[in-house]
Each structure stands twice: as C-alpha cells, then as structure tokens.
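Here's the letter readout for the chains.
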Amino acid sequence: MHILFITDNFPPEVNAPASRTFEHINHWINDENVKVTVITCFPNFPNGKVFDGYKNKLFERSKYQNIEVIRVWSYIAKNRGTLKRILDYFSFAISTSFFGLFLKCDIIVATSPQFFTTWAAWFLSKVKRVPWIFELRDLWPDTISTVSNLKNKNIISFLHTIEIFLYKSANSIVAVTNSFKENLISRGIKHDKIEVVTNGVDLDLFKHQTNKSLIDQLNLKNKFVVGYIGTHGLCHGLEFIVNAIPKIKHPNVHFLFIGEGATKESLIKQSNTLNLNNITFLDMIRKNDVPKYLSICNVSLVPLINDELFKTVIPSKIFEAAAMKTPIFLGVEGESKEIIKKYNAGICYEPESESSFLSQFDIIYNIENYSDFQQGCENLAKDYSRKNLAYNMLEIIKKTNTAFKQK
C-alpha cells in the first residue's frame, strides 16, 4: 500500500503537526507492505524564512531519515497576517494538486490545521480514483476567525460550506480529539466514518533526565523554572502571562520562553517595559533538544487564550512534558483539563484569568506531593505513546483502503 501524505509542515520544522506526521510515518514504514511519500513545502515555519540548506524551488525530491519527501513551491509568508497566510496555504494546495498528478498511490492522507491541504487531497483522489483521509488537527476556519481579523460572515460561511463538503467527501476522518469528533457529528457528519487518534509523545526521545550543565549555562541554579517551549502565536495568550509575572511573590521564580512566532517581538518589548529580570527568551531549538530544556523546568506552562473553541483541543506540549515527568501548569479548559485532572499530572488555571493564574501558581509552587505529580505524568505519557497511536492510525488507513477496494 502506497500512502501519499500531504502536509504543510514537516521536519526540520519543529511544530506539533510536523512532529506528529514525521513520528507516525517513521513507524508506518517499518511495515514492509507500506510505502509513504510526503508532499510538503520548503521548511519556513514560523518566521516565513526558508531554512538554511533549502531554496523555495518549484520541485525537489529527497529523503528525510528514510522517508521519501517531495517539496513543492509555495508563496511563503510569516505566521501572521490573514491574507498572506491564506495565499501561502492556497499556493501550496495548487502546487500539490499539480505535482501530485504525477505520483502513483493507493490512498491519500491530508492533514490540517490549514484545510487547503485537504482541497488538494480531494482533487487528487477524484483524478486518481483512490480514497482519501482527512486528518483533523484543528477546526479551521473557526480558529483563523478567532485569532485573526477575518470576521466577514459571508467569507466564513463560504469556508464552512467547503469544510462540511470536504468532511462528507472524505472516505475517513481521523480527529485528534474526541471533542472534534463530537463537533462533526453535531454538524451532520456520520459518526462511523470518524476515528480519534490523539496526539502523543515519542517515548524513545522524551526520557526523564537532569541537565546540570544547561542550568549553569542559563544561570538558573536554585531557580523555580517555568518553561514554555513552542510557537509564540496569537492563540497562546503569552501576553497575559508576561503581564502577570510581576505579581508573582516568589523571588526565585524564573520564566523560560523558547521558540518563535507572531507575538515574540511584542513579548520581548512587553517584558522590557515591565523591567522583568526573571524571564529569558531563547530562539527556536531543534526537536531533539526539547527534552534537554524540559528537563531543567520545574513545571511546563501550557496556555491558550480564553475562547470556547480551544476547549476542543489537546496541546501536544502536555504529552512531551509528561514524558519528562515535568508537571504541567495548564491554562486550557475542556478535554485537556480533564486529562490533567484524570492523571493528576499538574495544576490547571482559568485561561487569561490573572487571579486564577496567581492563586493556582502558588499551589503548584508550594506543592508538597511533587513526586505524585511526576508519577501522574509518567502514567499519562505511557497511555499516549506515539508508537501505539501511530499503529492505530495505520490500521485506520488500511481499513479505509480495503473498504474502498471492496466497493
């Protein structure tokens, strides 16, 4: 079975979609009956600048750690500005639709968060007469209308119409949360075509450790380190966190923000305006270095803005921190909060509520049963092993392919 996988993000990019796709495929290709080809763009997320060693060419075929990868041209824009991002996404879909015509495959998988990738999958599936699977990582276009200036009701309604059409057209849908599945069912999508494969963690990469040299290097000895590693985006609510830092009463607390994104420059300016000396901003790091930095954090910060939409998401940061036995300080409601409470893997606060943030921070700072949190993290990570989840998704792909052939 030859799988054509369409994704806008892929390593060496280090965001959640890139990691999930790479780690899943890395397990799938261990099956001698499975071949995978990835179509993606040239790596540029989140700064809209092509990574060193790459050029934004029309077409390039290569291998990334034994995975066959085809990179195609797209209009590259920073992860900010609605119109430019849409042009970025749409151009990738056009390039994929064209070059995909020349590739043989048995089934197509397209992943959001931007659903223009699924337009290409739908088109190619019709031309090639093969099934396709919609991997639903985000309820786009709801997300983009939440965090951007796209408020035109007619445009949003049009995008929703296309969204529903694509859900109905797909032979199967793989949602990353149960909330996404419930959302689709409430909108008329048949429940039996929707499967849930959550995000998870590579337990071979994320292992509990302590890195004393890094603590010394960053001058964090005897500090209570609150770490945030990931995209500094419009939906993460990091401005709220920075504003709250001066009101934390504990003198040895230090915040460590690692990554890039649309709000990073403004966050640095904000911290300078507040004269904060207990926050460090570092550039984006390689995926393989994330465990090293998580190992020096006392807690892992996982925030999102206060919006109903984000009650349906489960940030992958939860699973990575859990695998490192780093308790989670969660500012997300809904399914994410239920997971943290179920496993006793950290403390939750109300998103963008300063009083809740400060009172709950006092609790996690003074907690006596830290080892209990670490045990909860370990249990959580084991139940969300990326390897097991990857094979669950592969079985869905095989089942979908077989069902299509039997029609």
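Residues numbered from 1 in each chain as written. Predicted model: local features only at pLDDT ≥ 70, side-chain atom pairs only at ≥ 80, totals over all residues. Heavy atoms only, no water.

What follows covers the pattern of salt bridges. Taken as a whole, this structure holds 18 salt bridges when the rule is applied. The closest approach of N and O atoms between D31 and K398, which form a salt bridge, is 2.7 Å. Of this pair, D31 sits in the loop between helix 1 (16-28) and strand 2 (35-41) while K398 sits in helix 15 (residues 386-406), and the two are 367 residues apart along the sequence. Overall, K398 belongs to the partly exposed group, its relative accessible area being 26%. The network of salt bridges with common partners includes D31, E395 and K398. (Salt bridge = Lys/Arg side-chain N within 4 Å of Asp/Glu carboxyl O. Helix = DSSP H or I, 4+ residues; strand = E, 2+ residues; numbered from the N terminus. Buried < 20%, exposed > 50% of the residue type's maximum accessible area, 1.4 Å probe, protein only.)

Turning our attention to the nonpolar core. Ranked by internal contacts, the top residues of the largest apolar core, which has 80 residues, are I328 and L380. When neighbours within four sequence positions are excluded, L380 is seen to be in contact with I318, F319, A322, I339, I340, Y343 and A345. If you look at the next biggest cluster of nonpolar residues, it comprises 27 residues, including V226, I248, V299 and F357. (Core = buried A, V, L, I, M, F, W, Y, C linked by side-chain atoms within 4.5 Å. Contact = heavy atoms within 4.5 Å.)

Turning to helix 12 (residues 335-343), its buried residues number three or more, namely E335, S336, I339, I340 and Y343. Looking straight down helix 12, one finds its buried side chains confined to an arc of 140°; they lie on one side. Away from its buried face by more than 90 degrees, helix 12 exposes E338, K341 and K342. Of the surrounding elements, those touching the buried residues of helix 12 are helix 6 (178-186), helix 11 (317-323), strand 13 (328-331), strand 14 (346-348) and helix 14 (370-383). Backbone geometry just after helix 12 places N344 at a positive phi near 55°. (Arc of directions from axis to C-beta.)

Our focus in this paragraph is helix 1. In this model, helix 1 (13 residues) spans 18 Å end to end at C-alpha, consistent with the 18 Å of a helix rising 1.5 Å per residue. Of all the 13 residues making up helix 1, 11 are buried; the element is thus mostly covered by neighbouring parts of the structure. Restricting attention to buried positions, one finds in helix 1 the residues P17, A18, S19, R20, T21, F22, E23, H24, I25, H27 and W28. (Expected span 1.5 Å × (residues − 1).)

Turning our attention to the sheet that holds strand 3 (residues 59-64). Strand order in the open sheet formed by eight strands is 3-4-2-1-5-6-7-8, with mixed pairing between adjacent strands. Pairing within the sheet leaves two strands with one partner each, and these edge strands are strand 3 and strand 8 (194-196). On average, adjacent strands in this sheet sit at an angle of 25° to one another, irrespective of strand direction. Sheet topology places strand 7 (residues 172-175) next to strand 8; three bridges connect them, and they run parallel. For A175, the partnering residue across the bridge sits in strand 8 and is V196. Across the sheet, helix 3 (residues 116-128) touches strand 1 (2-6), strand 5 (107-111) and strand 6 (132-136), and the angle it forms with strand 5 is around 165°. (Pairing = 2+ DSSP bridges. Axes fitted to C-alpha atoms, helices over the stretch in contact; angles between N-to-C directions.)

Let us now look at the layout of surface pockets. For the largest pocket, the calculated volume is near 460 Å³. The wall of the largest pocket is formed by 20 residues, among which F22, Y64, Q65, K287 and N288 lie closest to the centre. Top element by residues in the lining of the largest pocket is helix 1. It accounts for five residues. Here the lining of the largest pocket is composed, by residue class, of nine nonpolar, five polar and six charged. (1 Å grid on protein atoms, 1.4 Å probe; cavity = no way out; pocket = protein on both sides within 12 Å on 5 of 7 lines; lining within 4 Å. Points joined across faces, edges and corners; volume = space filled by probe spheres on them. Nonpolar A, V, L, I, M, F, W, Y, C, P; charged D, E, K, R; others polar.)

Moving on, we get to the pairing of strand 12 (residues 299-303). Counted residue by residue, strand 12 has five buried out of five residues, so it is predominantly covered. Neither face of strand 12 is left uncovered, since the one carrying V299, L301 and P303 and the one carrying S300 and V302 both have all their residues buried. Bridge count for strand 9 (residues 224-229) against strand 12 is two bridges, and the pairing is parallel. Counted as the bridge partner of G227 is S300 from strand 12. Examined bridge by bridge, strand 12 and strand 13 share four bridges and lie parallel to one another. The partner of S300 across the bridge, within strand 13, is I328.

Looking now at empty space enclosed by the protein. Scanning all chains against the criterion turns up four cavities of 30 Å³ or more. Space inside the second largest cavity adds up to approximately 70 Å³. Along its surface, the second largest cavity is lined by G227, Y228, I229, V290, L294, S300, L301, K317, E320 and A321. For the lining of the second largest cavity, the secondary-structure elements that each account for two or more residues are strand 9, helix 10 (290-294), strand 12 and helix 11. Grouping the constituent residues of the lining of the second largest cavity by class yields six nonpolar, two polar and two charged.

On to the packing of aromatic side chains. Tallying each qualifying case throughout the model produces 29 aromatic pairs. Between F10 and Y64 the ring centres are 6.0 Å apart and the planes differ by 75°, which places this aromatic pair in the edge-to-face class. Residue F10 is found in the loop between strand 1 and helix 1, and its partner Y64 is found in strand 3; the two are separated by 54 residues along the sequence. F10 gets classed as buried once you look at its relative accessible area, which sits at 0%. Between F116 and W119, the aromatic rings sit 4.6 Å apart at their centres with planes inclined by 55°, giving tilted as the arrangement. Of this pair, F116 and W119 both sit in helix 3, three residues apart, which is roughly one turn of that helix. Among the residues examined, F116 registers a relative accessible area of 4% and is labelled buried. (Phe/Tyr/Trp six-rings, centres within 6.5 Å; stacked < 30°, edge-to-face > 60°.)

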